[in-house]
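# Residue-level structural notes
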Amino acid sequence: MISGFKILAFEPAHWNAVREIYRLGLLTRNATFETEVPDFEAWSKKFPARWFWVIEQQGEVVGWAGLQPTSVRKAYEGVMEVTVYVHPDHGGKGLGTKLMQHLVAESEKSGIWTLYASIFEENEASIRLHTTAGFRQIGFREKIAQLDGKWRNTVLFERRSKIICL
């Protein structure tokens with residue numbers, strides 16, 4: 001059971017903690033194809049402030065979640081890609097679930113009808129998080145890109161809103 005947590009809108013003061021959590025995720029080589037943490041300016045373009053949250057436990061940022069548009073085309077304005085990271089020292093405590101629940105609720109309040117995720121097939125914790133949150137597997141990308149010279153596969157997931165897509 002988790003206690004003493006708060007989910008807050010991202011503010012620039014959270015950047016150092018967010019950057020460190022992302023850096024630790026990069027080191028696992030099971031979270032993203034990225035190999036370097038971008039600077040704050042590049043990050044801000046990738047994750048609009050409206051769609052970016054942190055989770056604090058006892059005043060410390062221990063995770064974050066964001067949504068990013070999958071396309072600039074008007075027809076896809078209700079489709080967003082999901083990203084959730086939790087500091088490895090705080091994994092397995094339900095913080096990722098809390099972030100995902102918040103992200104889903106906020107997306108539906110804004111009329112988002114589809115949430116999308118592309119996850120390394122080896123990332124069992126992320127796959128479990130998404131399926132528990134109502135995502136379903138919609139595909140598989142074999143050898144979609146290389147990381148450290150090794151071809152990697154990803155599994156594609158989506159969650160359709162039961163509120164928006166009636």
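Residues numbered from 1 in each chain as written. Predicted model: local features only at pLDDT ≥ 70, side-chain atom pairs only at ≥ 80, totals over all residues. Heavy atoms only, no water.

## Brief notes about the packing of aromatic side chains
Note the cut-off: In this analysis, rings of Phe, Tyr and Trp, with Trp reduced to its six-membered ring, are considered paired at centre separations within 6.5 Å, and the interplanar angle assigns stacked below 30 degrees, edge-to-face beyond 60, and tilted for intermediate values. Helix numbers and strand numbers start at the N terminus; a helix is a DSSP run of H or I with at least 4 residues, a strand a run of E with at least 2. The cut-offs for exposure are 20% and 50% of the maximum accessible area for each residue type, with area from a 1.4 Å probe on protein chains only; residues under the lower value are buried, those over the upper are exposed, and the others partly exposed. Both a distance and an angle decide whether a charge sits over a ring: NZ of Lys or CZ of Arg must be within 6 Å of the ring centre and within 35 degrees of the ring normal.
For the structure on display, the rule yields 15 aromatic pairs. Between Trp43 and Phe47, the aromatic rings sit 4.9 Å apart at their centres with planes inclined by 35°, giving tilted as the arrangement. Between Phe47 and Trp64, the aromatic rings sit 5.5 Å apart at their centres with planes inclined by 75°, giving edge-to-face as the arrangement. On the criterion of sequence distance, the pair formed by Phe47 in the loop between α2 (40-46) and β2 (52-57) and Trp64 in strand β3 (residues 60-69) is long-range, its members being 17 residues apart. When its relative accessible area of 4% is taken as the criterion, Phe47 is described as buried. Ring pairs connect the aromatic residues Phe10, Trp15, Tyr22, Phe40, Trp43, Phe47, Phe52, Trp64 and Tyr85, which therefore count as one cluster. Seen from the ring of Phe120, Arg152 lies directly overhead, with NZ or CZ sitting 4.0 Å from the centre.

## Some remarks on the pattern of salt bridges
Test applied: Salt bridges are counted wherever a side-chain nitrogen of Lys or Arg sits within 4 Å of a carboxyl oxygen of Asp or Glu.
This model, assessed by the stated rule, comprises nine salt bridges. Across the salt bridge formed by Glu20 and Arg23, the nearest N and O atoms sit 2.8 Å from each other. Of the two residues, Glu20 and Arg23 are both situated in helix α1 (residues 15-28); the distance of three residues between them amounts to about one turn of the helix. Glu158 is the partner of Arg136 in a salt bridge, and the nearest nitrogen-oxygen pair spans 2.8 Å.

## Structural notes on unusual backbone geometry
Note: most peptide bonds trans; most residues except glycine with negative phi. Even without a glycine there, the phi angle at Gln58 is positive, about 50°. With respect to the helices and strands, the residue Gln58 is situated in the loop between β2 and β3. Here Asp148, not a glycine, exhibits a phi torsion of approximately 55°, which is positive. You can see Asp148 is positioned in the loop between β6 (136-147) and β7 (150-160).

## Some thoughts on the environment of Glu158
Here is the rule we go by: A contact between two residues is defined here by any heavy atoms of the two lying within 4.5 Å. N or O atoms closer than or at 3.5 Å make up a polar contact, with two conditions inside protein: a donor-capable atom paired with an acceptor-capable one, and, for residues adjacent in sequence, both atoms drawn from side chains.
Looking at where Glu158 falls in the secondary structure, it is placed in strand β7. For the pair Glu158 and Ala117, spaced 41 residues apart in the sequence, the C-alpha separation amounts to 6.3 Å. Ignoring sequence-local partners within four residues, the contact set of Glu158 consists of Thr114, Leu115, Tyr116, Gly134, Phe135, Arg136 and Ile138. Within the local environment of Glu158, its side chain forms a polar contact with the side chain of Arg160, the two groups lying 3.1 Å apart.

## Some details on the side chain of Arg159
Its place among the elements puts Arg159 in strand β7. Side chain to side chain, Arg159 and Glu108 meet in a polar contact 3.2 Å long. With sequence-adjacent residues up to four places away left out, Arg159 is seen in contact with Val104, Glu108, Trp113, Thr114, Leu115, Ala133, Gly134 and Phe135.

## Considering the environment of Val104
In this structure, Val104 sits in helix α3 (residues 95-109). Residue classification places Val104 among the buried positions, given a relative accessible area of 9%. Every residue in contact with Val104, bar those within four places of it in the chain, is listed here: Leu115 and Arg159.

## Some remarks on the pairing of β3
As a reminder of what qualifies: A strand pair is defined by DSSP finding two or more bridges across the two strands.
For β3, the buried fraction is high: eight of the ten residues fall into the buried class. Here β2 pairs with β3 via six bridges, running antiparallel. Bridge assignment links Val54 to a residue of β3, and that residue is Trp64. Linking β2 back to β3 in an antiparallel pair, the connection comprises two residues, with Gln58 at a positive phi of about 50°. Bridge count for β3 against strand β4 (residues 79-86) is seven bridges, and the pairing is antiparallel. Across the sheet, Gly66 pairs through a bridge with Thr83, a residue of β4.

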